[in-house]
Amino acid sequence: EAGVAQSPRYKIIEKRQSVAFWCNPISGHATLYWYQQILGQGPKLLIQFQNNGVVDDSQLPKDRFSAERLKGVDSTLKIQPAKLEDSAVYLCASSRGGLAHSTDTQYFGPGTRLTVL
Amino acid sequence: EDQVTQSPEALRLQEGESSSLNCSYTVSGLRGLFWYRQDPGKGPEFLFTLYSAGEEKEKERLKATLTKKESFLHITAPKPEDSATYLCAVQARVFNDMRFGAGTRLTVKP
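The notes below deal with the structure included here.

Parameters at a glance
- Residues numbered from 1 in each chain as written.
- Chains lettered and ligands numbered in written order.
- Predicted model: local features only at pLDDT ≥ 70, side-chain atom pairs only at ≥ 80, totals over all residues.
- Heavy atoms only, no water.
- Core = buried A, V, L, I, M, F, W, Y, C linked by side-chain atoms within 4.5 Å.
- Buried < 20%, exposed > 50% of the residue type's maximum accessible area, 1.4 Å probe, protein only.
- Helix = DSSP H or I, 4+ residues; strand = E, 2+ residues; numbered from the N terminus.
- Contact = heavy atoms within 4.5 Å.
- Pairing = 2+ DSSP bridges.
- Axes fitted to C-alpha atoms, helices over the stretch in contact; angles between N-to-C directions.
- Phe/Tyr/Trp six-rings, centres within 6.5 Å; stacked < 30°, edge-to-face > 60°.
- Disulfide = S-S within 2.5 Å.
- Buried area = accessible area lost by both parts, 1.4 Å probe.
- Salt bridge = Lys/Arg side-chain N within 4 Å of Asp/Glu carboxyl O.
- Polar contact = N/O pair within 3.5 Å; in protein donor to acceptor, adjacent residues only side chain to side chain.

**Examining the nonpolar core**
Consideration 1: L33(B), W35(B), L73(B), Y86(B) and V90(B) are the most contacted members of the largest nonpolar core, which totals 26 residues.
Consideration 2: Within the residue set of this core, elements represented by two or more residues are β2 (10–14), β3 (19–25), β4 (30–38), β5 (45–50), β7 (62–66), β8 (70–75), β9 (84–92) and β11 (104–109) of chain B.
Consideration 3: With five residues, β9(B) is the single largest residue contributor to this core.
Consideration 4: Those residues in contact with L73(B), other than ones at most four positions away along the chain, are S19(B), S20(B), L21(B), W35(B), F48(B), L62(B), K63(B), A64(B) and Y86(B).
Consideration 5: The next biggest cluster of nonpolar side chains, apart from the first, holds 21 residues, and it includes L32(A), L77(A), A82(A) and Y90(A).

**With respect to the sheet that holds strand β1 (residues 4–7) of chain B**
Residues and elements named next belong to chain B.
Consideration 1: If you trace the five strands from one edge of the open sheet to the other, you get β1-β3-β8-β7-β6, paired in antiparallel fashion. Of all strands in the sheet, those with a lone pairing partner are β1 and β6 (56–59), marking the two edges. If you compare each strand with its neighbour and ignore which way they point, the axes differ by 15 degrees on average.

**Some remarks on the packing of aromatic side chains**
Residue and element names in this part refer to chain A.
Consideration 1: Evaluated as defined, the whole model comprises nine aromatic pairs over all chains.
Consideration 2: Look at Y35 and F108: their rings are 5.3 Å apart centre to centre, the planes differ by 45 degrees, and that puts the pair in the tilted class. Pair noted here: Y35 is in strand β4 (residues 31–37) and F108 is in strand β10 (residues 107–108), with a separation of 73 residues, a long-range link.
Consideration 3: With relative accessibility at 0%, the residue Y35 sits in the buried group.
Consideration 4: You can call F108 buried: its relative accessible area is 11%.
Consideration 5: Ring centres 6.4 Å apart and planes at 40 degrees place the aromatic pair F65 and Y90 in the tilted group. Here F65, found in strand β7 (residues 65–68), pairs with Y90, found in strand β9 (residues 88–95); they are 25 residues apart in sequence, far enough to count as distant. For the pair shown, F65 and Y90 are each scored as buried.

**Examining the state of the cysteines**
All names here are of chain B.
Consideration 1: A complete count under the given rule lists two disulfides over all chains for this structure.
Consideration 2: A sulfur-sulfur distance of 1.9 Å marks the disulfide that ties C23 to C88. Given an S-S torsion of about -60 degrees, the disulfide between C23 and C88 has left-handed geometry. Here C23 is found in strand β3, whereas its partner C88 is found in strand β9, with 65 residues between them in sequence.

**What to know about the interface of chain B and chain A**
Consideration 1: Contacts between chain B and chain A engage 21 residues on the former and 19 residues on the latter.
Consideration 2: Around 1,500 Å² of area is buried between chain B and chain A when both sides are counted, 50% of it from carbon and sulfur atoms.
Consideration 3: Where chain B touches chain A, the interface holds zero salt bridges.
Consideration 4: Put simply, chain B and chain A have four residue pairs in polar contact (both at pLDDT 80 or more) between them.
Consideration 5: Within the residue set of the side of chain B that touches chain A, elements represented by two or more residues are β4, β5, β9 and β10 (95–100) of chain B.

**Describing the pattern of salt bridges**
Pairs can form between side chains of opposite charge once their charged atoms are near each other.
Residue and element names in this part refer to chain B.
Consideration 1: All told, the structure shown has seven salt bridges over all chains when counted by the stated rule.
Consideration 2: Between D39 and R37 there is a salt bridge, and its shortest N-O distance comes to 3.0 Å.
Consideration 3: Judged by relative accessible area, which is 15%, R37 ranks as buried.
Consideration 4: A salt bridge links R61 to D82; its shortest N-O distance comes to 2.8 Å. In this pair, R61 sits in the loop between β6 and β7 while D82 sits in the loop between β8 and β9, placing the two residues 21 residues apart along the sequence.
Consideration 5: Judged by its relative accessible area of 6%, D82 falls in the buried class.

**Considering the pairing of β5(B)**
All names here are of chain B.
Consideration 1: Here β4 pairs with β5 via five bridges, running antiparallel. Within the sheet, the bridge partner assigned to Y36 lies in β5 and is F46.
Consideration 2: Hairpin connection between β4 and β5: a loop of six residues separates the two successive antiparallel strands, and G41 in this loop has a positive phi of roughly 75 degrees.

**Some remarks on the sheet that holds strand β3 (residues 19–24) of chain A**
Residues and elements named next belong to chain A.
Consideration 1: Spatial strand order, β1-β3-β8-β7: four strands in an open sheet with antiparallel pairing. The open sheet terminates on both sides in strands that have one partner only, identified here as β1 (5–7) and β7. Along the sheet, successive strands turn relative to each other by an average axial angle of 15 degrees, direction set aside.
Consideration 2: By the bridge criterion, five bridges tie β3 to strand β8 (residues 75–79) in an arrangement that is antiparallel. Each residue of the ladder has a partner; that of F21, found in β8, is L77.

Everything listed here is a matter of coordinates, which is why it stays silent on function.
Quick look at the structure:
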């Protein structure tokens, strides 16, 4: 089966600009996650969707970050305006996720590497 | 405070030299402990899930074990293609998300 798809793979922007990332999960997976991975650290969850509803966005900086999952499939993550400390890899993952907080295996996409200058 | 701590930060091995990576966790009410492998420029790749103390899982040269306080990833007779960063993560009843350690960067020299 096809894996999690993300685009773009790389993005370079100036601080205060806006940027958007796209994710297409594995077909049939109900739960979708966005993670931020800063260099040298493990991924940190930003937001979790189950179908098209938000399950957990407690670690999402809502003053500048937003995310949506239209029709319970694709998702976009937006940053507006970007700061220098937003430079990181943004990973999307999906799981079958019948339950909101299950321990289903999460499958990750290749990530988008964002550099903010 | 850190809930998941991985050691060592980096490990260099000769091909065939077996070793272990450690993941210690401080959370109570563990629901699952996960091991992932991450190659440069790629997303994490799932290896194992462990649910309870005493559980063990194997895949090729890798074997993961779990106690009440830590997990070990044993690598037997590693090959250069095993070079990667190995990430450990936990899910617990006190929080809903998967919390990752910083990883161990493994290099296997031929």
